[in-house]
Amino acid sequence: MNMYELLYQYFKEKTNIDRDRFNEFSDYFKPSQTSNKEFLLRIGKVCKFNYFVNKGCLRIFSLNEAGDEMTRYFTFEGKFGTALSSFIEQKPSFEFIQSVEKSDILMISRKDFYMLVDAFPEVNIIYRDILEMAYVTSQKRIYGLQGHTALERLKWLIAYQPKILSKLSNKVIASYLGVTPYTLSRLKSQL
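Chains are numbered independently. Their residues run from 1 in the order of the written sequence. Where totals are concerned, whole chains, interfaces and linings use all residues; where local detail is concerned, this predicted model gives features only for residues with pLDDT of at least 70, and gives and counts side-chain atom pairs only at 80 or more. Side-chain measures here rest on the full set of heavy atoms in the structure, leaving out hydrogens and waters.

1. Remarks on the overall build of the chain
Heads up, the condition is: Helix and strand labels come from DSSP, where a helix needs a run of H or I of at least four residues and a strand needs a run of E of at least two; each type is numbered from the N terminus. Between the two quantities, the radius of gyration covers C-alpha atoms and the globule rule is 2.2 Å times the number of residues to the power 0.38. Contact between two residues is taken to exist if any of their heavy atoms lie within 4.5 Å; hydrogens are not considered. The protein chains shown are the only cover counted for residues, whose accessible areas, like all others here, come from Shrake-Rupley with a 1.4 Å probe. Neither His nor the chain ends contribute to the count of charged residues, in which Lys and Arg are positive and Asp and Glu negative. The location of each charge is read from NZ of Lys, CZ of Arg, CG of Asp or CD of Glu.
Helix and strand counts for the chain stand at 9 helices and 8 strands. On C-alpha atoms alone, the chain measures out to a radius of gyration of 17 Å, which is about the 16 Å that the 2.2 N^0.38 rule sets for 191 residues. Principal axes of the C-alpha set define a box for the chain whose edges measure 55 × 35 × 30 Å. Here the analysis covers contacts within the chain between residues at least 6 apart in sequence; of these, 68% occur between residues at least 24 apart. Accessible area for the chain stands at about 10400 Å²; split by element, carbon and sulfur atoms hold 53% of it. Positive and negative side-chain charges of the chain, numbering 27 and 21 respectively, have mean locations separated by a distance of 6 Å.

2. Comments concerning the packing of aromatic side chains
Spelled out, the test is: Side-chain rings of Phe, Tyr and Trp (the six-membered ring for Trp) are treated as a pair once their centres are within 6.5 Å; stacked means planes under 30 degrees apart, edge-to-face means over 60, and tilted covers the remaining angles. The criterion for a charge sitting over a ring is simple: Lys NZ or Arg CZ within 6 Å of the ring centre, and within 35 degrees of the ring normal.
On inspection of all chains with the given rule, the structure shows 22 aromatic pairs. Arranged with centres 5.1 Å apart and planes meeting at 65°, the rings of F52 and F80 form a pair that is edge-to-face. Residue F52 is found in strand β3 (residues 49-55), and its partner F80 is found in strand β6 (residues 80-81); the two are separated by 28 residues along the sequence. Note on F113 and Y114: the rings are 5.9 Å apart at their centroids and 75° apart in plane angle, and the pair reads as edge-to-face. Here the aromatic residues Y8, Y10, F11, F22, F25, F29, F52, F80 and F120 are joined through ring pairs into a cluster of three or more. Over the aromatic face of F39 sits the side chain of R42, whose NZ or CZ is 4.1 Å from the ring centroid.

3. Considerations on the pattern of salt bridges
How we decide: One speaks of a salt bridge when a side-chain nitrogen belonging to Lys or Arg is within 4 Å of a carboxyl oxygen belonging to Asp or Glu. Relative accessible area decides the class of each residue, using a 1.4 Å probe on protein chains only: under 20% of the type maximum gives buried, over 50% gives exposed, and in between gives partly exposed.
Summed over the entire model, instances satisfying the criterion amount to 10 salt bridges. For E122, the salt bridge goes to R21, with nearest N and O atoms at 3.2 Å. Residue E122 is found in helix α5 (residues 121-145), and its partner R21 is found in helix α2 (residues 19-23); the two are separated by 101 residues along the sequence. Take E122: its relative accessible area is 15%, and that puts it in the buried class. In this structure, the salt-bridge partner of E77 is K163, at a minimum N-O distance of 3.8 Å.

4. What about the sheet that holds β6?
Test applied: Only strands that DSSP links by at least two bridges are regarded as paired with each other. Between N-to-C directions, angles cover 0 to 180 degrees, with each direction set by a line fitted to C-alpha atoms, over the stretch in contact for helices.
Strand order in this open sheet of 4 strands is β1-β8-β3-β6, and the pairing throughout is antiparallel. Sheet topology places β1 (30-34) and β6 at the edges, where each strand pairs with a single neighbour. Pairing analysis gives 5 bridges linking β1 to strand β8 (residues 103-109), with the strands arranged antiparallel. Bridge assignment links P31 to a residue of β8, and that residue is L106. Relative to β8, helix α4 (residues 110-119) is tilted by about 70°, and along the sheet it contacts β3 and β8.

5. Details of the nonpolar core
The cut-off we apply is this: By convention a nonpolar core is built from buried Ala, Val, Leu, Ile, Met, Phe, Trp, Tyr and Cys residues, the set being connected through side-chain atoms within 4.5 Å.
Judged by nonpolar contacts, the single largest core of 33 residues is most densely connected at L7, F11, F25 and F29. Of all the secondary-structure elements, those providing two or more residues to this core are α1 (5-15), β3, β4 (57-63), β8, α4 and α5. With near-sequence residues (within four places) excluded, F25 lies in contact with F11, I17, L116, F120 and V123.

6. As for helix α6 (residues 150-160)
Residues spaced three or four apart along an α-helix face the same direction, because each turn holds 3.6 residues. Condition: To obtain the arc, one takes the directions from the helix axis to the C-beta atoms.
For α6, the full list of buried residues reads A150, R153, L154, W156 and L157. Considered in projection along α6, the buried side chains sweep an arc of 155° and stay on one side of the axis.

7. Looking at a nonpolar patch on the surface
Which entries qualify depends on this criterion: Residues forming no salt bridge and having over 30% relative accessible area are the ones grouped into patches, like charges within 9 Å of each other and nonpolar side chains (Val, Leu, Ile, Met, Phe, Trp, Tyr) within 5 Å.
A surface patch of nonpolar side chains, amounting to about 290 Å² of accessible area, comprises M133, Y135 and V136. Along the chain, Y135 turns up in helix α5. The class of Y135 is exposed, set by a relative accessible area of 54%.

Interpretation in functional terms is not warranted from these geometric data alone.
As C-alpha cells, then:
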C-alpha cells in the first residue's frame, strides 16, 4: 500500500479532498519507522513534529511526582498525535511521546504544518479537527473518569475505548486509568 494512502483516506473523510489536491502537499509528510518503545519526544524538549500513524501506536504520557507514568493519549493507525501544548507554544514539553510498538509513521515539522494550514483550507480543517478532538477527548476523559471507582473507570474504557484493551499491555493501560498493574489485573477478574 502507498505510504500516503491512510493519510489520504483521513483527509478524504474529513474534507472530501481529491487525490490531485492531496498530492500537492503530501510530500511534506516524511515517512519514518520507530522501534518498540522508542522515544520521539522527551520531557523538557520542545515538540517540533506532528505524527500520523500508518501502523502501530504512539503513547503520550507524563510522570507524576512519585515517578509513576500517567498516560494521556494513544494514537493508533489512521490518527494524528503530538504533545499539542509544546507543539503549539514551542515551550518545553511536560510529556513524552513513545512508540508502544514498532510503528510506521508520517511526520511533519511544525513549520511545514503551519505553512500548509495557511496555504490549504483542507489542512486548516484537519488542524481544527485535531484541536476539537483533543478538547472533546480530554473533557470526556476528565468527566468520564473523575470521581469514579477504578472498576467504573475500567468499564468506561471497555465501553468507549476498547482498542486500548486489545492492543496494549496491562502496565500501559493501568497508567491510563490511574491504577497499578496489580489493581488492573484484580479489576479484570471482577468483570
